[in-house]
Every structure is written in structure tokens, then in C-alpha cells.
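Report on the structure
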There are 2 protein chains.
Amino acid sequence: MNSQQIHLVSRPAGVPSQANFKLVEVALPDLKDGEVLVKNTWMSVDPYMRTRMIDRKSYIPPFELNAVMDGGAIGEVVESRNPRFPVGAKISHISGWRTAFISDGQDFTLLPDVPLPDQYFLGVMGMTGLTAWVGLIKVAHLKPTDTVFVSAASGAVGSVACQIAKLCGCRVIGSVGSDEKAELVKSMGVDAVINYNKVDDLTQALQAAAPEGIDVYFENVGGDHLQAALNVMNDYGRIPVCGMIADYNADTPQPGPTNLLFITMKKLTLQGFIVMDYFDQFEEFASQMAPWIAEGKVKSEETVYEGIDHAVDAFLGLFDGKNRGKMLVKL
Amino acid sequence: MNSQQIHLVSRPAGVPSQANFKLVEVALPDLKDGEVLVKNTWMSVDPYMRTRMIDRKSYIPPFELNAVMDGGAIGEVVESRNPRFPVGAKISHISGWRTAFISDGQDFTLLPDVPLPDQYFLGVMGMTGLTAWVGLIKVAHLKPTDTVFVSAASGAVGSVACQIAKLCGCRVIGSVGSDEKAELVKSMGVDAVINYNKVDDLTQALQAAAPEGIDVYFENVGGDHLQAALNVMNDYGRIPVCGMIADYNADTPQPGPTNLLFITMKKLTLQGFIVMDYFDQFEEFASQMAPWIAEGKVKSEETVYEGIDHAVDAFLGLFDGKNRGKMLVKL
């Protein structure tokens, strides 16, 4: 069997382009004892992957050049010499960016037998949902009385964060980059939505949307969003720092907010977090999220590209506002 | 009796100057029942006072124009119609920037009967020492294995922070603005000192001083110091944000570091704090600090200006690198 794989062939400067990637077809060898052959059915593309394209020490190794990338994916065992994973078993794993692969299954997680679409385990019931939940519940220690501001509110993590915060009883404000996305976020029951491309002054817009001030800012964007949030934060506000997508593709490093002094003046806490540090809390997360999904209280928003030959398009689309909710590639 | 007082007569734009202040003499009325007349002996000038010269909502009200300012001071009761504070009683209070005043004593703290110079209760045994202790112990949860970077290491708070961190068993790096200050900080037993005015690249200097990386950055400065610290922080590093003196006098707001993305990548926590939130922990602080001082393990560094007519000089000197340790005015 052959596997089609996406290789990183050059490190992007600024916004990545198709030229940084190459679709490569490789032949897979025969299975050895203990191995399985997996055909991937879904793969995830995520903004954090851009940070792995830089050659530097980080919490996760950089992608190697001229080698297949990796990332979250769902697959099905099609050939097995490992009794733990019989043919037909559906698994969640991190060997994305390829159509098929051979593995001993050490890092596999079997999908639970629940009536949810498989791809939910890459999104709302997977790393994406866990990220939103960890940021709000474990990092920001969300209280029902909090007013919460979520940037990139129509994104994969942002859309789940908005819904969790509403379910916790909070007042929620989201920011998005288009009217269409604003509609999507409103449909989730969010109290106020700002289209940052249509306001002159993000601080004023945020003040108008949250006259009572912001207690928790779920940070996905950085730059002017962080500046505005710092201006409008209440004393003792918490800022779980999930990411700063505005900085990922900057050709030259972008200056930070001019108002960091508010960290002291308002006694704020900014805390960066990486979801993999919280994998041991997946059970607690799942026990809260699964009923919410079953009862229709949390909806999975998805944007789906089809085929490995469109995986790079899907990834590039993340930085171009192409996704509503979770960006997925169906293989 | 007359009182000489310093009034704020205009709000500074950028670096304050003498023209923003005026020395005013007022006559004090006779005492009423329950009141005392206090002659101040020492007053404190602190960088945070600059932030109170801006007319904005904050954790503490702005100074009013054409009225006496306030701040930490030590005084002695010279006339009393209040049995709690007899003539001769020495008190710590917040009615500084004046030579004498009348009060009902509601916010007075009697100096304890210990063999320490009175002015220590404005410095190492007072708000300054408490600030350093809170930042390290209560905010950063200092561990003996931590490598600690203290900016403004020869300043009032910085010099105490360096000494506390050394006493806790940490490796300590300080930054200062002159060779003379570097000598002072070295004399405290600090492991490495950087004169930031003599290095081309603060990040490189910090990396050389802390090849093992920084676990705790005691933030007093902001700007390029925060940028360098973020570059050199270890994963899960903690940054107690005491202040950002580099920003206090900025004519126009200065851009923040270009590398805030490290907050996520390194899973850092930045936490702003204000010492007055921790006044209820003064006893715990004092029980640790008093023996350190008595045993000579913590030394009080002081710069003293004499006379109320030099109080503004002392204050302006804070932004001009004039102080070694705590800046005080002897009245």
C-alpha cells in the first residue's frame, strides 16, 4: 500500500505558502509482528503548527525539513498484527498529514463507543475542546459572575470557549473578523460580538460591549486584541494565554501592547498554557463535555476540506479567516 | 504650628520636573478631642507615586491638584488629645509629603519596640520589604532551586528581593544601571550582576549570566528588560510584576516586547500585584524579616535627602538612577 504524505520542504518566512510544502507518495513496507496499518479518515490542521515550522527549541520539536509533518488525526485499522487494535478499530493519534501509516500503536487512543461523529474527537471532544475547557476552567478558574472576552470567537477553540463560558453562566463577548462569523457566534448565544474589521477602535468597541469590564480574556490573538483587553480588564482579571495568532506569521517581530503596566495597576494574571500538559485531565473534561454535546448544549462547528491534496489549503486557510470553527481535512 | 507641604500643581507629561510641585506653608488649627499633632521625621518617595500623578481610575486615587500629596512616612506625636497615642509615640502612617499634620490616628501603626532605626519601617521592615517578600514568596512561590532575575536590583525593592532570594537558596542575577550599583549588588552576595548600560544585548548578557535559564523574573522595569527576560525564561517560569518604571515617564506609550508569544510557548505566568493587598500578611513577613535583619543577613540600603525642600529632588532622583536602595527624606 502507498501513503500520500505532506512534507515541509522549506521554512516559511512570514505567511506560509504552497511552495513550503510538497505532496509525496511513499510505499509502505509489510507489517511486522505487533504492528498495524492505519488508514486515516480525518486530520486536523491547527494554528500552533505554524510555530513548529520555525527551527527553535520549544515545548514540542520543530518539524523537520523534507519529512512528513505530524498532528492530530483519526484513522481506522485496515490490517493488523497487534491484538489490541483489530481490523476496523477506530483510533485517535498524532500521525496526521498522511493518508496511511504503520505503527505499533503505542500512542493510540481507541475512540469510545459513543454515538458521535468520529471527527468530534479531533474537535469539540478532543484537543480543541480540551484546550478551551482547560483555559477557562483550570487556568482562569471561571466563575459564573465573570464577564468573558474571547478573541477568534468563531475559531476552533474560540467557538468552544464561548459555549463553555455561556454554560457556566457568564456574560460572553466574542470578537471575529467578518459579519458572517459574527452571525455564527451570535447563534451560540454569545451576548455581544465585535467584528474587529468594522470598528475604528477596538478598545471603545469592547468597552461598549462590556461596560461592566472584562474579568477573563481568553487570548487567542495578541497584538491589538491584547491591548484592548488590557484597557478594559477589571481588577484581578485573568488572561489564559492560549496563543497569539497575530504573531505567528509576522515577518518581523511585532511590538507588544503599550499598556502592559496595567498588569500591575489592575493586578492581572496572564498565564500561558499548552493543552498537552493537561491530558491527564481528559476524563474530567469528557465527563462534562459529553453530556453537553449529547443534550445539544455545545455544538461542533466545522469547516471541512476534502482530500490530502487540499490539506495545505486548509492549513493556509487558518491564517486567512477561512474556517468557521474547527478546520478539518477529510481523507 | 505651621506645616510645610508639597502640593502637586500640574500633572507631568513625561518626566516630572520641579515645576509640577510647590512647597506650601499652612497653619495647623488647635487640636480637638481625639486628635494628635504629629511631626514627621522620615518620609518615603517611591516610583509608584508617579502613576498617581495621572488623572485616571486606578487601584488608588490619583493625587489631586493643588493639594498635599500623601505617601508612607514616620512621625512622632508632639501634642495629644488621644490616649492611644501619647506625646512621644512613634508611628508609621501614610501622611507623608508634609512636616506636620493633625489626625485622629485611625490609620496609624505604632512602631514596635525593637532596636531598629525608625526609617527601616519605611524600607526593609515596611512597605518596601513587604513588596519584595510578597512578590517572591506569595506571588512567585519561590523555591530554593530557582534561578531568579531581579531588575532594578539596586533599588529599594530590588535590593531586598535580591537578598531574600539569596537567603532562600536561589541563584540570583541582578541588573543595574551603573558600575557603582553593580558593586553594591555584588556586595549583597548576588551571583551575577549586569550593568545594562554597558551591554549591547541584554538577552545575550542574561543568557551568559544564567546559562541554566531564569525561573523567576522579579519585574520592576518593563520594556527591554521584559523582552530579555522572556527570551531567557525557562518553561513554567513565574514573573511577579511589581512595576514597570521604564513606562512611568513615557511621553508616548512605549511598545511592549515583541516576544510575548513566549508566554504560551514557555507556559509562563505573569502576575501583577500591589502590596496593599497583602497588608494582612505583614505579621508573617515581619516574623521572617526581623530575625534576618537582626542577624545581619539582610542589610538596609538607603539614600537619604535632608529636608522637605529636597523631597521633590529625592522623588525626581528615582527616575534618574540617584538612589542606592531605599530613597528617603529626613525631615
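Here the structure is a predicted model, which is why all the values come from computation and not from measurement.

Calculation criteria
- As a convention, each chain's residues are numbered from 1 in the sequence order in which they are written.
- Whichever chain is written first is A, and whichever ligand is written first is 1; the rest continue in order.
- With pLDDT at 70 or above as the cut-off, local features in this predicted model cover only qualifying residues; side-chain atom pairs require 80 or more to be listed or tallied, and sums for whole chains, interfaces and linings still use all residues.
- Note that the side-chain values use all heavy atoms of the structure and ignore hydrogens as well as water.
- In this description, contact between two residues means that some pair of their heavy atoms is separated by no more than 4.5 Å.
- Joining two parts hides part of their accessible area as seen by a 1.4 Å probe, and the buried area is that hidden amount summed over both.
- In what follows, salt bridge is the name for a side-chain nitrogen of Lys or Arg lying within 4 Å of a carboxyl oxygen of Asp or Glu.
- Within 3.5 Å is the distance limit for a polar contact, defined as a pair of N or O atoms, with the added protein rule that one can donate a hydrogen and the other accept it, and that residues adjacent in sequence qualify only through two side-chain atoms.
- Working definition: helices are DSSP H or I runs of at least four residues, strands are E runs of at least two. Numbering for both runs from the N terminus.
- Residues were grouped as follows: Ala, Val, Leu, Ile, Met, Phe, Trp, Tyr, Cys and Pro as nonpolar; Asp, Glu, Lys and Arg as charged; and all remaining residues, including Gly, as polar.
- Strand pairing requires that DSSP identify at least two bridges connecting the strands.
- Angles here are taken between N-to-C directions and fall from 0 to 180 degrees, while the axes themselves are lines fitted to C-alpha atoms, restricted in helices to the stretch in contact.
- Convention used here: angles under 35 degrees read as roughly parallel, angles over 145 as roughly antiparallel, angles from 65 to 115 as roughly perpendicular, and any remaining angle as oblique.
- Handedness of each helix crossing follows the sense of rotation of the near helix against the far helix: counterclockwise by less than a right angle gives left-handed, clockwise gives right-handed.
- Delimitation of the domains relies on an automatic or database domain assignment.
- Residues enter a patch when their relative accessible area is above 30% and they make no salt bridge; the linking distance is 9 Å between like charges and 5 Å between nonpolar side chains (Val, Leu, Ile, Met, Phe, Trp, Tyr).
- Only the protein chains shown count as cover for residues, and all accessible areas are computed by the Shrake-Rupley method using a 1.4 Å probe.
- Buried residues are those whose accessible area, probed at 1.4 Å on protein chains only, stays under 20% of the maximum for their type, while exposed residues exceed 50% and partly exposed ones sit between those limits.
- Buried Ala, Val, Leu, Ile, Met, Phe, Trp, Tyr and Cys residues that are joined via side-chain atoms within 4.5 Å together make up what is termed a nonpolar core.
- Least squares is the method for superposing the copies, and the C-alpha atoms it fits come from residues with pLDDT of at least 70 in both.

With 32 residues of chain A in contact, the opposing surface of chain B contributes 32 residues. Across the chain A to chain B interface the summed buried area is about 2800 Å²; carbon plus sulfur atoms make up 65%. Broken down residue by residue, the surface that chain A buries against chain B is led by Leu261(A), Thr264(A) and Met265(A), which jointly contribute 22%. Taken together, the connections running from chain A to chain B amount to zero salt bridges. Remark: the boundary between chain A and chain B carries 10 residue pairs in polar contact (both at pLDDT 80 or more). Contributions of two or more residues to the side of chain A that touches chain B are made by strand S13 (233–241), helix H7 (245–248), helix H8 (262–265) and strand S14 (269–272) of chain A. Here the residues of the side of chain A that touches chain B sort into 18 nonpolar, 10 polar and four charged. Two strands pair when backbone bridges link them, and S14(A) and strand S14 (residues 269–272) of chain B are joined in this way by three bridges, in the antiparallel orientation. Residue Gln271(A) lies in a different strand from S14(B), and its bridge partner there is Thr269(B).

This part covers the sheet that holds strand S4 (residues 67–68) of chain B. Think of a sheet as strands paired side by side through backbone hydrogen bonds, with each pair either parallel or antiparallel. All names here are of chain B. Here we have three strands laid out as an open sheet, ordered S2-S1-S4, and antiparallel in their pairing. Two strands lie at the open edges of the sheet, namely strand S2 (21–27) and S4, each paired on one side alone. Of the strand pairs in this sheet, strand S1 (residues 2–8) and S2 are connected by seven bridges, and their pairing is antiparallel. Looking across to S2, one finds that Gln-4 is bridged to Glu-25.

Okay, the packing of helix H2 (residues 127–139) of chain B against helix H3 (residues 156–167) of chain B next. Residues and elements named next belong to chain B. Running from N to C, H2 and H3 point in directions that differ by 50°, and their axes come no closer than 8 Å. With respect to their mutual orientation, H2 and H3 come out oblique. Of the two elements, H2 crosses H3, and the hand of that crossing is right-handed. For the pair H2 and H3, contact is made by Thr-128, Gly-129, Thr-131, Ala-132, Trp-133, Leu-136 and Ile-137 and by Ala-156, Val-157, Val-160, Ala-161, Ile-164 and Ala-165, respectively. Its residues assigned to classes, the contact of H2 with H3 comprises 10 nonpolar, three polar and no charged.

Residue and element names in this part refer to chain A. By the assigned domains, chain A splits into domain 1 (2–123 + 301–330) and domain 2 (127–276). Averaged C-alpha coordinates put domain 1 and domain 2 at centres separated by 28 Å. For the pair domain 1 and domain 2, the summed buried surface comes to about 1600 Å²; carbon and sulfur atoms form 59% of the total. A per-residue breakdown of the area domain 1 buries against domain 2 is headed by Tyr-59, Glu-301 and Arg-324, which together make up 30% of the total. Along the contact surface separating domain 1 from domain 2 lie one salt bridge. Between domain 1 and domain 2 we count seven residue pairs in polar contact (both at pLDDT 80 or more) in total. Examining the composition of the side of domain 1 that touches domain 2, we find that three residues originate from one element, helix H1 (residues 48–51), more than from any other.

Before going further, it helps to examine a nonpolar patch on the surface. Residue and element names in this part refer to chain A. Taken together, Met-127, Met-276 and Phe-279 make up a surface patch of nonpolar side chains, about 260 Å² in accessible area. Checked against the element boundaries, Phe-279 lands in the loop between S14 and helix H9 (282–294). The exposure class assigned to Phe-279 is partly exposed, which follows from its relative accessible area of 46%.

Take the side chain of Lys326(B) next. All names here are of chain B. Of note, Lys-326 is situated in strand S16 (residues 326–330). Separated by 2.7 Å, the side chains of Lys-326 and Ser-44 make a polar contact. Those residues in contact with Lys-326, other than ones at most four positions away along the chain, are Ser-44, Val-45, Asp-46, Leu-122, Gly-123, Thr-128, Ala-156, Glu-301, Glu-302 and Thr-303.

Judged by nonpolar contacts, the single largest core of 108 residues is most densely connected at Trp97(A), Phe315(A), Trp97(B) and Phe315(B). Leave out the neighbours within four places in its chain, and Phe315(A) touches Pro16(A), Phe21(A), Val45(A), Asp46(A), Met49(A), Arg50(A), Met53(A) and Trp97(A). Residues Val134(A), Leu184(A), Cys242(A) and Phe285(A) belong to the second largest nonpolar core, which totals 48 residues.

Here the focus is the pairing of strand S13 (residues 233–241) of chain B. Residues and elements named next belong to chain B. In this structure, strand S12 (residues 214–218) lies alongside S13, joined through two bridges in parallel fashion. Paired with Val-216 across the strands is Arg-238, a residue of S13. Pairing geometry for S13 and S14, over four bridges, is parallel. Along S14, the bridge assignment pairs Arg-238 with Thr-269.

Moving on, we get to the side chain of His225(A). Mapped onto the elements, His225(A) comes out in helix H6 (residues 223–232). Among all residues touching His225(A), those that are not within four sequence positions of it are Phe149(A), Ser151(A), Ser175(A), Tyr196(A), Leu202(A) and Tyr217(A).

What follows is about the relation of the copies chain A and chain B. With an axial shift of 0.0 Å and an RMSD of 0.0 Å, the rotation relating chain A to chain B amounts to 180°. Viewed as a symmetry operation, the transformation between the two copies matches a two-fold axis. Across chain A, the smallest distance between a C-alpha and the rotation axis is recorded for Gly256(A), namely 2.0 Å. The residues that chain A uses at the interface reappear at the interface of chain B in 100% of cases, marking a shared surface.

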